[in-house]
Amino acid sequence: MNMLPPRSAMTPSINNTALSAFGALAPLQEELTQLVEKLEEIDKAQSRASGPKARNLLENIREFEPTVTFIGQVKAGKTTLVNAMAGYPDLLPTEINPWTSVVTSLHLTAQTAGKTDECAFRFFTNEEWENLLRYGGRLGEIADRAGAASEIEKVRQQLDELREKSRRRLGKRFELLLGQTHRYEHVSRELVRRYVCLGDDFQPEDNLFSEVTETLQNDHEGQFADITKTADITLTGASVPMPLCLQDTPGINDTFLVREQITLNGLRGSHVCVVVLSAQQALSTVDLGLVRLVSSIRARGIVIFVNRIDELSDPVAEVPNIRTGIQDTLARFGGPKDAEIIFGSGFWAQSAVADTYDALSDASTETLLRWTRENLEEALASASPQEVVWQMSGAPALGEAIAERVQAGPGNHLLQRTRAALTNLHATGQVVENLQSPRRDSLRSANLAKSEFASQIEDIKSQCKSALAADLAAAAHSFDQRAESAVETFVERALADLATHLQQHDTQEVWTYDPVGLRVLLRGAYQAFVAAATRATDARLADAANAVSACLSELVGDNTIPVTIRPEPAPPAPAAVELGGVIALDLKGSWWRRFWLKKRAKDAYVAEFKKLLLQEADALAHQIKENCVGAHCTRLERIPADFIDQQVAILFDDRTAEAPTKDVPQRPRRRPIPTRN
Amino acid sequence: MDLEAQRSKTLERLSSIAQSDRISEKAKQRCAGIHDRLESPVLVGILGPDTQEKQAVLNELLGLTVLPRDGPPISLEVQAGDAPYTMLKLADGSVDEIQSYPTATFLAQGADFAAITSPRCAELHCEFVLIECADSVDELREALEWAGTRIDLAIWCTQNWAESERTAWTNSAERVRDHAILVIRSDASEFQDQSVFSEFAVTAFRGPADTQTVGHEEKGLETQMRALIAEAREQDLLSAELFLRRYDKLAPDLAIDASTRPAAVETADQPYEKAQGELGKLFQHVRVKAEKLLSICADPPEDARALLEEFETAMSATADLLGSLPSIEKEWPHLHANVLDAHDLTVLLKFEGRQEHTLQCARLLSQLRDETERAYLACPSVGTSEGARIQ
C-alpha cells in the first residue's frame, strides 16, 4: 500500500488569541484547575487513605472533554465552519460526497497538555459492512417490512455497484481491512483526505440511485473513504482553554441510512448540538430530516447557526425574515423552537483565521460591509480588520453560546459532583483520623465497632438499592404503558387519515402522514420517565447520604463531631437519539411513491399500512425502551450502592477503594494499536 | 343564574341547614365554616421586600390613591367600610384616627400599624393586608408565617428575587403559594432566576422604579388578581353547593345542573388526603385551561393551527403537571391514563393541523374536565372549608 511520508505536526493558523472561539470556557477551566489543585494536595498528603478516590476524581476531571456535534444541511458549509471554529482552516475536506462522509472528531487541546498530534481512522466492521451490502441497511429493513421485494432487489443492485467501486479503489481483498483501525502519530491534510474523502462520485441526492460516474482523480485521495466509519483527530496546538471535541457528522446526507446510526450515536455522547443551516436554504427548504435528527434533544442543548450570510445580498433586511421562518418551521414540525439562532459565515471566519481576504469576492465584501455597518459595536471600531471580520463571522458568538451550554450542562455537573465528593472525602478523612487518634481507648474497640459498622453499611446499601430498583421499575413500567398507548393512538390516527385520503382521492394520489407526532409522544413519555427516575435517584441518594452520615457519626461515637456526607448529583439521562432515526413514514421521495403505487386494492392499502406502521412505530418505541430507559435504569440502579462504597471504602482497607463511576461520555477508548508510519 | 345571586341563595340555604336538626353537630360546624367563608371577602396579602412597590400595588388594586406617595414604610390592613377612615396604632400603644385615607404627615407619626377602611373593598370582594418587613430571611419568613394562616391570595413584590426571598418563599405554607402573583420591578430579560416563574400563577413585570408601565403581562395586575379572586370564590361556591347536595336532601333546584355534575359518591375506600390535594390541583388546572380554550373556540380564529397549538400547549402542561402528582396514578389510574391519552391525541391532531380538529380537541378537553371533576367531587372531604380555596 502506498503510504505518504510522515508530516511534521500540524500547526494551527491561529496565533492571535483574540481569535479563539472558545475563550469563554476559561472560567470553567479555572474552577476545574482549582479543584485539581485541591485534589492533588490530598493525593500527596493522604496517599494511604483518601488517595485512590482523589486520584479517581482527578482522572474524571482530566478526561473531561465536552463534545460539540455539528449537523447540517447539504452544502450548508458545515465543515468550513468546523475548520474555522477549530482554528485550522482547510483541515477537513469540504467537498465531501454524501456516501463517503465520515463522523470526524477533532479533539482540541492546548499545547500545555504535553500530548502530540495523532489521528485514528476506524473502518466498518465486517458485520456492519455485510448488513449494509446484503440487507441494504435501514432502508432495506423498511423495504423488507413493507414487503417490497423488488425494492430490495433494486437497493441491492445499487449496493453491488458500490461494492465494485470500492474493490477497484482498495484492491480485491479490501474486505480484509474491515474492522481495522489505522492510527498515526501525526496529522496532515493529505492523510485526512485519504480517509475522509472528496467526492469524485458526488451526485445530487435524488440521483444516487442512477448510474454513477466513476473516475478516480487521485490514487490516494479518498482511498479508504468508502469503508471508514469514524475519524478521530487530536490536535494539541489548538487555542482552547480546556479540551474540547468538535464532531463533524455526515448528518442527514445518508441515502442508505447506514451511517444514520453512527450520527445518532455521535449525538448521544454529545453535549451541545450545532445545527448548521444555509442562509439561502433556511427559508425555502423545510429540512425535516434535520428537525427529525434533533427531535430528541432539548432546545437548550441546541444552537442553530445560519451560515453563509455572506451570500445574501442584503443580510440586514433578510436576517429577521430568515429567523422568523426558521422559528415557524421548528414550531410547526415539533422542533426545538426555542433554540438560540446565530447568524454568520464560516467563510468569513475562515478568512479571518487565515488572515487572508483575497478570496472574498466583491459581492461577499459588500455584504460583509453592510453587515458590519449594522452590527459593529463601538469597541470594535478601532479593531484590526481581522478582528472585525472574525466578529462579524458569528464564530465568536457561536463559540460563546457553546461555552455557555458546556458550562451550564456537563461542566456544572462535573463541578458539583467533584465538590460534593471533595467535601465527603474531607468528612471521611476526619473520621479515619479520629479513629486512629491516640485518644481512642483502644484499637480493639474501634475494630469491634467497625465490624458492626460494616454490617450496618451493607444493610443501608441493600435497602437503598432495592428501594431504588422498585422506583425505577415503576418508572420504566409507566414508560412502557405510555409508549404502547402512544403507538396505538398514532397508528389509529394515521389509518384514519389514510381512510379519509382514500375516500377523497384516487389511489394514484400518494398518501403521506407526518410521523412527527409519534416522535413528540415518545419523547414526552421518555421525558416523564427521566423526571421520575431522577427524582427517585436523588431521593435515594439523599437517604443513603443521611444513613451513612448517621452510621459514621455513631462510629466516631462523639456527639460533638457530627459527620455529614452529602449526596453527589446523579448522572444526567442520555437523550433518546433513537427518535431521530428514519421510519417508513419519513420517506417522502420516489421510494415511497413507488411503494404506494404498487398496491392496487384499497383494502390492501389499509391492511398493509397498518402492519408497516405498527412494526415501525413499535420498533422505535422498543429501541428507546432498550437503549435509553433500560440502559439508564441499569446505570442508576447501582448508584446509591456505589456512592456508599466510595464513602466508606477508606475505612475498611486502603487498597479496596473503588473507582467512582466515570462521568465522562463513553468514547471508544483508543486501543493500543500498532502505530503506522 | 348570575354568580352573585347564586351566592346569596346558597348562603340562605346554608343558614337554614345550620338551624335544622337533621344533621350532625359536626356537619353543622362544617356548614358554619362554609357559610363564613362564602360570606367573607377574599383576603389579599401584599408581601415581599419592595416597600415602594407594595404601596403602589395596593393603590393600583384599589384604583385609588389610598396611600400617599413618599409615605413611610408601614404595615397595614384595608377593610370594607362605608367611608374612608384610617386608624393608626402608635408606638406608645395609643391610637390616632382620621376620617379619610392617610396623609403622609399623618403616617409620619411613627406608627407601626394602620387600619384603613375603604368602600372599594366591598366592590372588589376583597380586603388587603400589607406586611412591612426588612429584606432578611427571618423577617420575610415571619411575615409569611403570619400570612400563611390568614390570606387567600399572595402578591409578592420584588426587585431581584434575592436568595433571602427565595428561601423564605419556598419554605412557606403551600396554602400561600397556591394562589400567588409575583410583581417584579425589572425587565424580564434581565431577570436572572427564570425558574421562579413556575412558582407563581401569574408574573407581572413592571418597569424600573417609578415608571408604572406594565411590561410582560397581557392584562393588568388588577385583572389578574380579579381572575384569581373570582376563581377562589367560585371554588368556595362549588364546595358549598356540594355540601348542600350531600346534606340538603330537600333541595331540588341546585344551582349546578345536576345532569352534568353527577352526585358525589361516598366510597368505602377513601383516597387519602394527599391524593385529594393532588386531584384538586389537577382539576383546578384542567378547569382553567378548559374555560380559556373553550371560550376561544366559541369564536375561533381563522388560523386553526394557532388554536391547535394552544390546545397542545395546554394539554402538555397538564401532562407535565400530572407527572408531578404521583398519587393520581395510584388512586385514579383511569383518569391518569385518560389525561395522557387526551394529551397524545391532541398532539397528533395538532400535527395533522386540520380545521375540524379544533372541535375534536375541544371535545377532548371538556371530556377531561368533566371526568376530573367527577373524580374530584367524589372525594369525601371536598366541601369542607379546607378543601375549598386551597385547592
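Residues numbered from 1 in each chain as written. Chains lettered and ligands numbered in written order. Predicted model: local features only at pLDDT ≥ 70, side-chain atom pairs only at ≥ 80, totals over all residues. Heavy atoms only, no water.

Peer 1: Would you mind going over the overall build of chain B with me for this structure?
Peer 2: Counting secondary structure elements, chain B contains 15 helices and nine strands. Expressed as a percentage of the 391 residues in chain B, the buried residues total 50%. Long-range pairs, those at least 24 residues apart, make up 71% of the contacts in chain B between residues at least 6 apart in sequence. Of the roughly 18,000 Å² of accessible surface on chain B, 51% is carried by carbon and sulfur atoms. (Helix = DSSP H or I, 4+ residues; strand = E, 2+ residues; numbered from the N terminus. Buried < 20%, exposed > 50% of the residue type's maximum accessible area, 1.4 Å probe, protein only. Contact = heavy atoms within 4.5 Å. Areas by Shrake-Rupley, 256 points an atom, 1.4 Å probe, with all protein chains shown as cover.)

Peer 1: Would you mind showing me how to read the pairing of strand β6 (residues 126-130) of chain B here?
Peer 2: Looking down a regular strand, the side chains alternate between one sheet face and the other. Residues and elements named next belong to chain B. For β6, the tally of buried residues reaches five of five residues, placing the bulk of the element in the interior. Residues Cys126, Phe128 and Leu130 of β6 are buried on one face, and the alternating residues Glu127 and Val129, pointing to the opposite face, are buried as well. Sheet topology places strand β1 (residues 42-47) next to β6; five bridges connect them, and they run parallel. Note that in β6 the partner of Val44 across the bridge is Phe128. Of the strand pairs in this sheet, strand β2 (residues 75-80) and β6 are connected by three bridges, and their pairing is antiparallel. (Pairing = 2+ DSSP bridges.)

Peer 1: Looking at this model, I keep getting lost on the packing of aromatic side chains. Mind explaining?
Peer 2: Describing an aromatic ring pair means giving the distance of the ring centres and the angle of the ring planes. The final tally for this structure, using the stated rule, is 11 aromatic pairs over all chains. Here the aromatic rings of Trp511 of chain A and Tyr513 of chain A are separated by 6.1 Å at their centres, their planes lie at 20°, and the arrangement is stacked. The burial state of Trp511 of chain A is the same as that of Tyr513 of chain A; both residues are buried. Measuring from centroid to centroid gives 6.2 Å for Trp156 of chain B and Trp161 of chain B, while their planes differ by 80°, and the two rings are edge-to-face. There is no split in this pair, since Trp156 of chain B and Trp161 of chain B are both buried. These aromatic residues form a ring-pair network of at least three members: Phe121, Phe123, Tyr184 and Tyr195 of chain A. The ring of Phe283 of chain B carries the charged tip of Arg287 of chain B above its face, separated from the ring centre by 5.9 Å. (Phe/Tyr/Trp six-rings, centres within 6.5 Å; stacked < 30°, edge-to-face > 60°. Lys NZ or Arg CZ within 6 Å of the ring centre and 35° of its normal.)

Peer 1: What is the right way to look at unusual backbone geometry in this model?
Peer 2: With the exception of glycine, the majority of residues adopt a negative phi angle, and the majority of peptide bonds are in the trans configuration. Of note in the backbone geometry, Asp90 of chain A takes a positive phi value of approximately 70° without being a glycine. Looking at the element boundaries, Asp90 of chain A is found in the loop between α3 (78-86) and β2 (103-108).

Peer 1: For this particular structure, what's the right way to read the environment of Met242 of chain A?
Peer 2: All names here are of chain A. You can see Met242 is positioned in the loop between β5 (228-235) and β6 (244-248). In this structure the C-alpha to C-alpha distance between Met242 and Phe64, which are 178 residues apart in sequence, comes to 8.9 Å. Apart from residues lying up to four places away in sequence, Met242 is in contact with Leu25, Leu28, Gln29, Leu32, Phe64, Pro66 and Leu108.

Peer 1: Whenever I open this one, the nonpolar core confuses me. Can you help?
Peer 2: Burial of nonpolar side chains together is a common tendency in soluble globular proteins. All names here are of chain A. In this structure, Phe70, Met85, Leu106, Leu246, Ile304, Leu398 and Ile402 are the most contacted members of the largest nonpolar core, which totals 111 residues. Of the residues forming this core, the biggest block, 11 residues, is contributed by helix α15 (residues 395-436). If you look at the next biggest cluster of nonpolar residues, it comprises 75 residues, including Val516, Ile565, Ile624 and Leu636. (Core = buried A, V, L, I, M, F, W, Y, C linked by side-chain atoms within 4.5 Å.)

Peer 1: Mind showing me how you'd approach the sheet that holds strand β7 (residues 272-278) of chain A here?
Peer 2: Two pairing modes exist for strands in a sheet, parallel and antiparallel, and in both the strands are linked by backbone hydrogen bonds. All names here are of chain A. Overall, mixed pairing links the nine strands, which are arranged β4-β3-β5-β2-β6-β1-β7-β8-β9 in an open sheet. Whereas interior strands pair on both sides, the edge strands pair on one side only; in this sheet they are β4 (181-184) and β9 (340-343). Neighbouring strand axes in the sheet, compared pairwise and without regard to direction, differ in orientation by 20° on average. Two strands pair when backbone bridges link them, and strand β8 (residues 302-307) and β9 are joined in this way by four bridges, in the parallel orientation. Residue pairing for β9: Ile304 is matched across the bridge by Ile341. (Axes fitted to C-alpha atoms, helices over the stretch in contact; angles between N-to-C directions.)

Peer 1: Quick question: what am I supposed to make of a negative patch on the surface here?
Peer 2: Negative charge collects at one region of the surface, where Glu484, Glu488, Glu492 and Asp618 of chain A together with Asp341 of chain B lie side by side. A total of three residues in the negative patch trace back to one element, the largest contributor, which is helix α16 (residues 443-504) of chain A. When you line up the elements, Asp341 of chain B lands in helix α13 (residues 333-352). (Patch = residues over 30% accessible without salt bridge, like charges linked within 9 Å, V, L, I, M, F, W, Y side chains within 5 Å. Salt bridge = Lys/Arg side-chain N within 4 Å of Asp/Glu carboxyl O. Lys, Arg positive; Asp, Glu negative; His and termini not counted. Charge placed at Lys NZ, Arg CZ, Asp CG, Glu CD.)

Peer 1: How should helix α1 (residues 3-19) of chain B be read in this particular structure?
Peer 2: The periodicity of an α-helix, 3.6 residues per turn, causes residues three or four places apart in sequence to face the same way. Its 17 residues place the ends of α1 of chain B 25 Å apart at the C-alpha level, agreeing with the 24 Å of an ideal helix rising 1.5 Å per residue. Regarding α1 of chain B, the residues found buried are Gln6, Arg7, Thr10, Leu11, Arg13, Leu14 and Ile17 of chain B. (Expected span 1.5 Å × (residues − 1).)

Peer 1: Even after reading the chapter, I still don't get the interface of chain B and chain A, so can you show me in this structure?
Peer 2: Often, the extent of an interface is quoted as the loss of accessible area upon association of its parts. With 21 residues of chain B at the interface, the matching set in chain A holds 20 residues. When chain B packs against chain A, the two sides together hide about 1,600 Å² of surface, and 52% of this comes from carbon and sulfur. Where chain B touches chain A, the interface holds two salt bridges. One salt bridge connects Arg493 of chain A with Glu352 of chain B, and the closest N-O pair in it is separated by 2.8 Å. (Buried area = accessible area lost by both parts, 1.4 Å probe.)

Peer 1: Help me understand the pattern of salt bridges in this model?
Peer 2: Pairing is possible between side chains of opposite charge, provided their charged atoms come close. Residue and element names in this part refer to chain A. Throughout the structure, instances matching the rule amount to 26 salt bridges over all chains. Arg268 is paired through a salt bridge with Glu578; the nearest N and O atoms lie 2.6 Å apart. With Arg268 in helix α8 (residues 260-268) and Glu578 in the loop between α17 (516-556) and α18 (590-598), this pair connects stretches of sequence that are 310 residues apart. For Arg268, a relative accessible area of 26% translates into the label partly exposed. Given a relative accessible area of 2%, Glu578 falls into the buried group. Linking Arg638 and Asp642 is a salt bridge whose minimum nitrogen-to-oxygen distance equals 2.8 Å. Note on Arg638: relative accessible area 38%, which makes it partly exposed. Beyond isolated ion pairs, a larger network of salt bridges with shared partners links Asp314, Glu366 and Arg370.

Peer 1: Any chance you could explain the environment of Val196 of chain B here in plain terms?
Peer 2: Mapped onto the fold, Val196 of chain B is located in the loop between β8 (180-184) and β9 (202-205). Sequence-wise, Val196 of chain B and Arg166 of chain B are 30 residues apart; in three dimensions their C-alpha atoms are separated by 8.3 Å.

Peer 1: Sorry, what's going on with the side chain of His35 of chain B here?
Peer 2: Residue and element names in this part refer to chain B. Positionally, His35 belongs in helix α2 (residues 25-39). With a relative accessible area of 16%, His35 lands in the buried category. Polar side-chain contacts of His35 include one of 3.3 Å to the side chain of Ser15. Excluding residues within four positions of it along the chain, His35 makes contact with Leu11, Leu14 and Ser15. (Polar contact = N/O pair within 3.5 Å; in protein donor to acceptor, adjacent residues only side chain to side chain.)

Peer 1: Any chance you could explain the pairing of strand β3 (residues 85-90) of chain B here in plain terms?
Peer 2: Residue and element names in this part refer to chain B. Along β3, the buried face is formed by Thr86, Leu88 and Leu90; none of Tyr85, Met87 and Lys89, which line the opposite face, is buried. Taken together, the six bridges between β3 and strand β5 (residues 111-118) define a ladder with antiparallel strand orientation. For Met87, the partnering residue across the bridge sits in β5 and is Ala115. By the bridge criterion, four bridges tie β3 to strand β4 (residues 95-98) in an arrangement that is antiparallel. Looking at the pairing, Lys89 lines up with Val95 of β4. The turn linking β3 back onto β4 is made up of four residues, and Gly93 within it adopts a positive phi angle of 95°.

Peer 1: Explain the environment of Ser324 of chain B to me, please; I cannot follow it from the model alone.
Peer 2: Residue and element names in this part refer to chain B. By secondary structure assignment, the location of Ser324 is in the loop between α11 (304-323) and α12 (326-331). Taking C-alpha positions, Ser324 is 9.0 Å from Glu278, a pair spaced 46 residues apart along the chain. Among the polar contacts made by the side chain of Ser324, one reaches the main-chain carbonyl oxygen of Leu321 at a distance of 2.7 Å.

Peer 1: For this particular structure, what's the right way to read the confidence of the model for chain A?
Peer 2: Any segment with low pLDDT has predicted coordinates that should not be analysed in fine detail. All names here are of chain A. Of the residues in chain A, 77% have a pLDDT of 70 or more, and the chain-wide mean is 78. Predicted confidence in chain A is weakest over α18, with a mean pLDDT of 66, and strongest over β9, with 93. Of the regions scoring below 50 in pLDDT, residues 1-9 engages in 18 contacts with residues more than four places distant in sequence or in other chains. Low confidence marks residues 198-219, where pLDDT is under 50. Its contacts with residues over four positions away, or in another chain, come to 33 contacts. (pLDDT = per-residue confidence, 0-100.)

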